[in-house]
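The primary structure of each chain is shown beneath.
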Amino acid sequence: MDKYIDILENLLSLRDEYEWLDFKENWFSKDEIGEYISAISNGAALCGKENGFIVWGINDSTKKVIGTNINFDKDIDHEPYKHYLARNLKPSIAFEVIEINYHNERVVMLIIPAAKSVKTKYKDSEYIRIGSSKEKLSKFPEWEIKLNNILINGFPTIVNTPAPDYAQELTFEKLFIYYGAKGVILRNDTFEKTLKLKTKDGLYNVMAYILSDQNNIPLRVSIFSGKDKSAPLFSVKEFGNNCILYSMEKVLEYGDAINIIQADERNRISDRKDVPLFNYDAFREAILNAFIHNKWLTLNAPAICIFTDRIEILSHGGLAIDQDEKGFYSGASLPVNEILASIFLQLRISERSGRGVPKIVSCYGKDSIKIEKNRVTVTIPFNKISVNNFEMAPDKVSDKVSFKMNKSQKSIMSLIRDNPNITINQIMIHTGLSEPGVKKNLKLLKDKGYIERIGANKNGYWKVVK
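In this text, all values refer to a predicted model and were calculated from it rather than measured experimentally.

### Notes on the overall build of the protein chain
Right, so step 1: Scanning the protein chain from terminus to terminus reveals 16 helices and 22 strands.
Right, so step 2: Taken along its principal axes, the extent of the C-alpha atoms in the protein chain is 95 × 60 × 40 Å.
Right, so step 3: Going through the 466 residues of the protein chain one by one, you find that 47% of them count as buried.
Right, so step 4: Taking the intrachain contacts of the protein chain between residues at least 6 apart in sequence as the baseline, contacts between residues at least 24 apart amount to 65%.
Right, so step 5: Just so you have it, the protein chain exposes about 23,900 Å², and 49% of that area is on carbon and sulfur atoms.
Right, so step 6: Of note, the protein chain has its 65 positive side-chain charges centred 6 Å away from the centre of its 59 negative side-chain charges.

### Concerning the nonpolar core
Right, so step 1: Counting residues in hydrophobic clusters, the biggest one holds 65 residues, and the most contacted among them are L211 and W296.
Right, so step 2: What L211 contacts, discounting residues up to four positions off in sequence, is F172, L175, L197, C243, I244, L245 and I343.
Right, so step 3: Counting residues in hydrophobic clusters, the runner-up holds 31 residues, among them L12, I100, A115 and I128.

### As for the packing of aromatic side chains
Right, so step 1: This model, assessed by the stated rule, comprises 18 aromatic pairs.
Right, so step 2: Both rings, one in Y81 and one in Y84, keep their centres 6.3 Å apart while their planes meet at 20 degrees; by these two values the pair is stacked. With Y81 and Y84 both in helix α3 (residues 81-88), this residue pair falls three residues apart, about one helical turn.
Right, so step 3: What links up through ring pairs into an aromatic cluster is the set F28, W56, F72, Y81 and Y84.
Right, so step 4: One Lys or Arg, K49, reaches over the ring of W20 and ends 4.7 Å from the middle of that ring.

### What to know about the sheet that holds strand β2 (residues 51-56)
Right, so step 1: Taken in spatial order, the four strands line up as β1-β2-β7-β6 in an open sheet, and their pairing is mixed. A single partner strand is all that each edge strand has here, and the edge strands are β1 (21-24) and β6 (96-102). Pairwise comparison of adjacent strand axes, ignoring direction, gives a mean angle of 20 degrees for this sheet.
Right, so step 2: Relative to β2, β1 is paired through four bridges, and the arrangement is parallel. From the neighbouring strand, F23 faces β2, where its bridge partner is V55.
Right, so step 3: Along the sheet, helix α1 (residues 2-13) makes contact with β1, β2, β6 and β7 (105-113), crossing β6 at roughly 85 degrees.
Right, so step 4: Seen against the sheet, helix α2 (residues 32-46) touches β1, β2 and β7 and runs at an angle of roughly 145 degrees to β2.

### Considering the pattern of salt bridges
Right, so step 1: All chains considered together, the criterion is met by 22 salt bridges.
Right, so step 2: For the salt bridge of E19 with K373, the shortest nitrogen-to-oxygen distance reads 3.2 Å. Within this pair, whereas E19 is found in the loop between α1 and β1, its partner K373 is found in the loop between β17 (369-372) and β18 (375-381), the two being separated by 354 residues in sequence.
Right, so step 3: Note on K373: relative accessible area 26%, which makes it partly exposed.
Right, so step 4: Put simply, D73 and K82 hold a salt bridge, and the shortest N to O gap is 3.2 Å.
Right, so step 5: For D73, a relative accessible area of 45% corresponds to the partly exposed category.

### Brief notes about α2
Right, so step 1: With 15 residues, α2 should reach 21 Å at 1.5 Å per residue; the first-to-last C-alpha distance of 21 Å fits that figure.
Right, so step 2: Counting buried positions over the 15 residues of α2 gives 14, a clear majority of the element.
Right, so step 3: Two residues or fewer past α2, G48 is found with a positive phi of approximately 75 degrees.

### Quick notes on the packing of helix α14 (residues 407-418) against helix α16 (residues 435-447)
Right, so step 1: Running from N to C, α14 and α16 cross one another at 80 degrees; their axes reach a closest spacing of 10 Å. Classed by the angle they form, the pair α14 and α16 counts as roughly perpendicular. Each of S408, Q409, I412, M413 and I416 in α14 lies in contact with α16, whose residues at this interface are N441, L442, L444 and L445.
Right, so step 2: Residues belonging to the contact of α14 with α16 are distributed by class as follows: six nonpolar, three polar and no charged.

### Observations concerning the pairing of strand β16 (residues 310-316)
Right, so step 1: Among the seven residues in β16, five count as buried, and that is most of the element.
Right, so step 2: When strand β15 (residues 303-306) meets β16, the two strands line up antiparallel, connected through four bridges. Within the sheet, the bridge partner assigned to I304 lies in β16 and is I313.
Right, so step 3: In this antiparallel pair of consecutive strands, β15 and β16, the connection spans three residues.
Right, so step 4: Both β16 and β18 contribute to a ladder of seven bridges, which runs antiparallel. Across the sheet, the residue bridging to E312 is T379, located in β18.

Parameters and conventions
Residues numbered from 1 in each chain as written. Predicted model: local features only at pLDDT ≥ 70, side-chain atom pairs only at ≥ 80, totals over all residues. Heavy atoms only, no water. Helix = DSSP H or I, 4+ residues; strand = E, 2+ residues; numbered from the N terminus. Buried < 20%, exposed > 50% of the residue type's maximum accessible area, 1.4 Å probe, protein only. Contact = heavy atoms within 4.5 Å. Areas by Shrake-Rupley, 256 points an atom, 1.4 Å probe, with all protein chains shown as cover. Lys, Arg positive; Asp, Glu negative; His and termini not counted. Charge placed at Lys NZ, Arg CZ, Asp CG, Glu CD. Core = buried A, V, L, I, M, F, W, Y, C linked by side-chain atoms within 4.5 Å. Phe/Tyr/Trp six-rings, centres within 6.5 Å; stacked < 30°, edge-to-face > 60°. Lys NZ or Arg CZ within 6 Å of the ring centre and 35° of its normal. Pairing = 2+ DSSP bridges. Axes fitted to C-alpha atoms, helices over the stretch in contact; angles between N-to-C directions. Salt bridge = Lys/Arg side-chain N within 4 Å of Asp/Glu carboxyl O. Expected span 1.5 Å × (residues − 1). Parallel < 35°, antiparallel > 145°, perpendicular 65-115°, else oblique. Nonpolar A, V, L, I, M, F, W, Y, C, P; charged D, E, K, R; others polar.

Here's what the structure looks like:
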């Protein structure tokens, strides 16, 4: 019974209504319940769920447990009600009726298998849930087409869904360079099969498109000069239209660049305290999760907004099919894009330990992650140093900051000390940075007087000044 209590609590934790879930108080209607079973079964298939649920004894608006006296064993037309329902469902589906004593209240949960191969009917009609309403499927031909396609071909993923027609002539030069910089060799004759870049019909799939040189999906970092989107848009940084591995690296490098180190002079006794604007490790985990779990099927990249008090990182599509919120927060992560997640693991960009979300939660609390039906938003707040109880304005913070090298810059300095003749390509291989990232950090170190270039770009060398 503990298993069903866990299921119930996960359902109660959900913040939205779904095509595969409905809460009822004490409502009963002999045939309409059968229609709801058809709708929930078809809705579960549409959403890629193994099961859908109808739960009695719950207030629909507040999710408060109030109890119910509904009885699926009562006599209906000289047979138990659940037998009556089963006889009128086509094809026969093995739904379960589970009674739970939850906080001294009786709750009844109907576990309904998703439609398989064919749509689930009740008395020769097929139903679907649209929002919170149950409707005949025939009234919504676009949903009927989508459901038929899923029942025939399976739930769409970036692996089994072909890229658009305009994206079938693809090259992967940047992907090969990225793998090489990570010390992993791709073979020309096998990489498409190894990375599962084609559908069973031999077409390039969506994953191939987002990893290709021809990826034309924009990825923008929008910077607002206020605390919400009603404030003026200060600037927009473009990081997309590229193999997503490079786009992701550019976003991470940009986050590293804006994470200024503040000199905390408050209550100073001896050494001052250096305080970063935000926790970069939490930011990095949020970006990695956004790229790995984004619903790339829609050809939309994650969205990143920077306000004067925080960064918001939004990934499209919500949680993975079988992921519940409890498991998500605990680190039992189920990837939305399984093959893409395995590529990140192979390249040692991410790990399978599931520390990402717990890391964010440990830094900023559970409320820093907002889970909605079609999106997940992570908020990284800024830790600005205040002087005399007044927060410094963003354009004044830099005046109070002493320059401090980040990890990438320290690594570049070490490489130059060991080899003054080192090239940009060699720095890329050692650090994992992109070419623009290396050049930007070299320029910053040069402008700050840490290094200087002796001689021409081609035949010169680097000199460490301090």
